[in-house]
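Take a look at the letters that make up each chain.
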Amino acid sequence: MPNTTTAEAADFLELKAAAKQFRAAITKYRQGNPGQPKGLLDGTPVPIEPSLLDGARLIADRRVAFEHIPSHAVACEVGVQTGQFSKELFEKYDLAELHLVDSRLDKMTVAYEDVLLGSRVFKHEGMSWDVLATFPNDKFDWIYIDAAHDYAAVKKDLEQACRVVKPGGYVICNDYTTWSWSEGVAYGVVAAVNECVNERKWPVRYLALNHMGYHDLAFQRPSTTRPSHDAA
């Protein structure tokens, strides 16, 4: 491990030993119990119905994916963190409106010009599903969800997101995975998203890969009033 301090090397060895113990415990558990240990799953993932994947596209990166979604959109990011990603999208795709939703907006490290705040950029602080509940039906061209990752929270976010996205609009879910290796916790994103897609019969438009395994999945509300902007 070049260029590491003694403390960093010690931390790495401790983490490596913990991971080894974790794998050994899982192996021992599975020898006497079929299936996955319940503590490693949040929700029960079900496969997406094959017909909802017709025309779905595999994309190399989430930034590339937004090239397949209309510019000058009315958009919402749920779970802002530092705000770097949302500002990049705002500037690159000339968003008409960007609504930033987070339980703590003081974590943002980016700033917007005063003239934009309240006219094109709007900040909303609070629990994501409660904030989404304040928006009218059919408001957004796309919603990007990257807030709490437990099954119950994602399910509540999706329920509101599907209400406030326009016909033909997109719901995009970050961290489409069942397990966060960096945190060592189960994610309920796959279970909640797959259930939502299957129940509503809304087609999946793309899976954007992430080199660390935190993928994005986007699905589209069917449109009966205007042509769909198909990512395929």
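Throughout what follows, the structure given in this document is the object of discussion. Here the structure is a predicted model, which is why all the values come from computation and not from measurement.

## A look at the sheet that holds strand β5 (residues 140–145)
The pairing of strands in a sheet comes from backbone hydrogen bonds and takes either a parallel or an antiparallel form. Pairing is mixed in the open sheet, where eight strands are placed in the order β1-β9-β10-β6-β5-β2-β3-β4. Strands at the two margins of the open sheet, each flanked by one partner only, are β1 (57–59) and β4 (121–125). In this sheet, adjacent strand axes meet at a mean angle of 15° when their direction is disregarded. Sheet topology note: the strand β3 (residues 97–102)/β4 ladder contains five bridges and is parallel. Across the sheet, residue V101 finds its bridge partner in β4, namely H124. On top of the sheet, helix α5 (residues 151–164) reaches β2 (74–78), β5, β6 (165–173) and β10 (216–220); it is set at about 150° to β6, its chief contact. Packing against the sheet, helix α6 (residues 189–200) makes contact with β6, β9 (204–208) and β10, and its axis sits at approximately 15° to β10.

## Some points on the pattern of salt bridges
Note on pairing: side chains with opposite charge can pair once their charged atoms come close. Taken as a whole, this structure holds nine salt bridges when the rule is applied. When the shortest N-O distance is used, the salt bridge between R120 and D94 registers 3.2 Å. Within this pair, whereas R120 is found in the loop between β3 and β4, its partner D94 is found in the loop between α3 (84–92) and β3, the two being separated by 26 residues in sequence. A relative accessible area of 25% places R120 in the partly exposed class. Here K139 makes a salt bridge to E97, at a shortest N to O gap of 3.6 Å. With a gap of 42 residues between them, K139 in the loop between α4 (128–132) and β5 and E97 in strand β3 connect regions that are remote in the sequence. Overall, K139 belongs to the partly exposed group, its relative accessible area being 21%. When its relative accessible area of 22% is taken as the criterion, E97 is described as partly exposed.

Conventions used here
Residues numbered from 1 in each chain as written. Predicted model: local features only at pLDDT ≥ 70, side-chain atom pairs only at ≥ 80, totals over all residues. Heavy atoms only, no water. Pairing = 2+ DSSP bridges. Helix = DSSP H or I, 4+ residues; strand = E, 2+ residues; numbered from the N terminus. Axes fitted to C-alpha atoms, helices over the stretch in contact; angles between N-to-C directions. Contact = heavy atoms within 4.5 Å. Salt bridge = Lys/Arg side-chain N within 4 Å of Asp/Glu carboxyl O. Buried < 20%, exposed > 50% of the residue type's maximum accessible area, 1.4 Å probe, protein only.

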